[in-house]
Amino acid sequence: MQKAQGELRKVYGIEVVTIPRDRITNDSTNESSKGSADKRYVLLNALELEKQNIISNPHQIEEYGLLTIILAIIFMTGGIIKEIELLEKLQTIVGRDRRKPHYLFGDVSKRLDQFVKEMYLNRNREVINTEAIREYSWGERSEVEVNKLELLQFVSELMDVPIDSWTSQYQQATEQ
Amino acid sequence: MVNQKLIQLSLQCFIAHGCLAEKDAKDLIEKCCHSCQETFSDELFRSIIKTVNAQIKKFSFEIRNGASEDDGGQIFYCYVNTKEDQHSKLATFYTVNELVFFKAIVEKLIGSTKGLVSEIVALQGKERLTARAAEEFLNRLINDKWLSRTEDKYYYLGPRSLLDLLPFLRSNIDSICSVCSSLVVRGQLCPKCESKVHFHCLSRFANSRHERN
């Protein structure tokens, strides 16, 4: 395994990162956590971000653009968010055609499923007052792949405020 | 010796983009060179490909290049697995039913004399797919260069199939182009003997004879 990691790093510029066992949730909707895998691996691009932009396929940019927005929303609202709130916020930000709300929900639901499956997002089911609601938080893969500081920088630029105006998030981002 | 960062970046580009026409490959690699503070040249391009191939050979991968079988015979570059079972190559991108459909089309193409199938015949193999799903899948195959299509809706093998499925094609096809001596699926048949020639090989041959006269 070590040799493989070395070759991937040297020839492909790809890092193989282990996801710590204690971070794996018990969410039964996440199929990959069934079974008894001791270790799980994620491939990370070791090349700088500006180089990665050259590689990106146009199709991928759309999907992962949405993911970035979702992760930013979750990060800025304290790390966990109810599905309804997330969808509302997305509709405002992404500003899709309001005449067809279900088109938006339908499309985004599929993406959310995809992101949960790919371990970018975690999905919890909570029962509150006999009502089952779903909540989202960052998945293990996002914790490993996404740089919180860069994300915060992106949000700060968007909102045109200094990066340390969000003290809690800034602290989390710099601790990384 | 080529800068290793440039090698990594170029390699990731080829992997991300699947099958690239030569011009697009060069444009992309030029961006990579620029990002690594190197000046692009055709020679550097060839050198990068050579170095990458030397490094990935032991993993059974290669950046293979070859001509498409359209009239122009454009060169394409493709990151291929030199070892793996042929039909599993598409497995990560398409569903099982789609793969069965694709395999049926490939078999028809290999079996046809001209290396062409009409859309109607191609769609006959769609089995478990709806008509609409089959058509969408055909469009995706063309987009991803596994298949090509003429203006009058005849399908033939695209550059990605020719490069990525080469071992499979070699073991199932005998015909060799009389001009360039490599495998030919779609080409001009000689009315008298059984030989087949790539269209682009034929026009190059005809032009060179013109010049001599």
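Summary of the structure given here. (Residues numbered from 1 in each chain as written. Chains lettered and ligands numbered in written order. Predicted model: local features only at pLDDT ≥ 70, side-chain atom pairs only at ≥ 80, totals over all residues. Heavy atoms only, no water.)

### Structural notes on the packing of helix α1 (residues 2-12) of chain A against helix α1 (residues 4-17) of chain B
In a pair of packed helices, the angle between the axes and the distance between the axes together describe the arrangement.
Thought 1: Interhelical geometry of α1(A) versus α1(B) gives an angle of 95 degrees and a closest axis separation of 7 Å. One finds that α1(A) runs roughly perpendicular with respect to α1(B). Contacts from R9(A), K10(A), V11(A) and Y12(A) in α1(A) reach Q4(B), I7(B), Q8(B), L11(B), Q12(B) and I15(B) in α1(B).
Thought 2: In the contact of α1(A) with α1(B), the residues fall into 5 nonpolar, 3 polar and 2 charged. (Axes fitted to C-alpha atoms, helices over the stretch in contact; angles between N-to-C directions. Helix = DSSP H or I, 4+ residues; strand = E, 2+ residues; numbered from the N terminus. Parallel < 35°, antiparallel > 145°, perpendicular 65-115°, else oblique. Contact = heavy atoms within 4.5 Å. Nonpolar A, V, L, I, M, F, W, Y, C, P; charged D, E, K, R; others polar.)

### Description of a nonpolar patch on the surface
Thought 1: A cluster of nonpolar side chains, F154(A), L158(A), M159(A) and V161(A), forms an exposed patch at the surface whose accessible area comes to about 390 Å².
Thought 2: Examined against the element boundaries, V161(A) turns out to sit in the loop between α7 (148-159) and α8 (167-175). (Patch = residues over 30% accessible without salt bridge, like charges linked within 9 Å, V, L, I, M, F, W, Y side chains within 5 Å. Areas by Shrake-Rupley, 256 points an atom, 1.4 Å probe, with all protein chains shown as cover. Salt bridge = Lys/Arg side-chain N within 4 Å of Asp/Glu carboxyl O.)

### Thoughts on the nonpolar core
Thought 1: The biggest cluster of nonpolar side chains holds 29 residues, and the ones touching the most others in it are L6(B), F14(B), I48(B), I56(B) and I63(B).
Thought 2: Those elements that place two or more of their residues in this core are α1 and α2 (49-55) of chain A together with α1, α2 (22-35), α3 (42-56) and β3 (75-81) of chain B.
Thought 3: If near-sequence neighbours (up to four positions away) are discounted, I56(B) is found in contact with V11(A), Y12(A), L11(B), F61(B), E62(B), I63(B) and Y79(B).
Thought 4: By size, the runner-up hydrophobic cluster in this structure holds 27 residues, among which are L109(B), A122(B), L123(B) and L129(B). (Core = buried A, V, L, I, M, F, W, Y, C linked by side-chain atoms within 4.5 Å. Buried < 20%, exposed > 50% of the residue type's maximum accessible area, 1.4 Å probe, protein only.)

### A short note on the sheet that holds strand β2 (residues 61-67) of chain B
All names here are of chain B.
Thought 1: Overall, antiparallel pairing links the 3 strands, which are arranged β1-β3-β2 in an open sheet. Each edge of the open sheet is held by one strand with a lone partner, namely β1 (19-21) and β2. Between one strand axis and the next, the sheet turns by 20 degrees as a mean value, whatever way the strands run.
Thought 2: Direction of pairing for β1 relative to β3: antiparallel, over a ladder of 3 bridges. Directly across from L20, in β3, lies its bridge partner Y77.
Thought 3: Sheet contacts for α3: β2 and β3; angle to β2, the most-contacted strand, approximately 135 degrees. (Pairing = 2+ DSSP bridges.)

### Quick look at the state of the cysteines
All names here are of chain B.
Thought 1: Summed over all chains, the structure comprises 0 disulfides over all chains.
Thought 2: For the unlinked cysteine C201, the closest cysteine sulfur is that of C180, found at 3.7 Å.
Thought 3: When its relative accessible area of 5% is taken as the criterion, C201 is described as buried. (Disulfide = S-S within 2.5 Å.)

### Quick notes on the interface of chain B and chain A
Thought 1: Contact with chain B, which involves 22 residues of that partner, is made by 16 residues of chain A.
Thought 2: For the chain B and chain A pair, buried surface summed over both sides reaches about 1600 Å², with 59% attributable to carbon and sulfur atoms.
Thought 3: For the pair chain B and chain A, the interface holds 1 salt bridge.
Thought 4: Across the pair E7(A) and K58(B) runs a salt bridge, and its minimum N-O distance is 3.6 Å.
Thought 5: Where chain B meets chain A, there are 7 residue pairs in polar contact (both at pLDDT 80 or more).
Thought 6: Mapped by element, the contributors of at least two residues to the side of chain B that touches chain A are α1, α2 and α3 of chain B.
Thought 7: With 11 residues, α1(B) is the single largest residue contributor to the side of chain B that touches chain A.
Thought 8: Among the residues forming the side of chain B that touches chain A, the class breakdown is 13 nonpolar, 6 polar and 3 charged. (Buried area = accessible area lost by both parts, 1.4 Å probe. Polar contact = N/O pair within 3.5 Å; in protein donor to acceptor, adjacent residues only side chain to side chain.)

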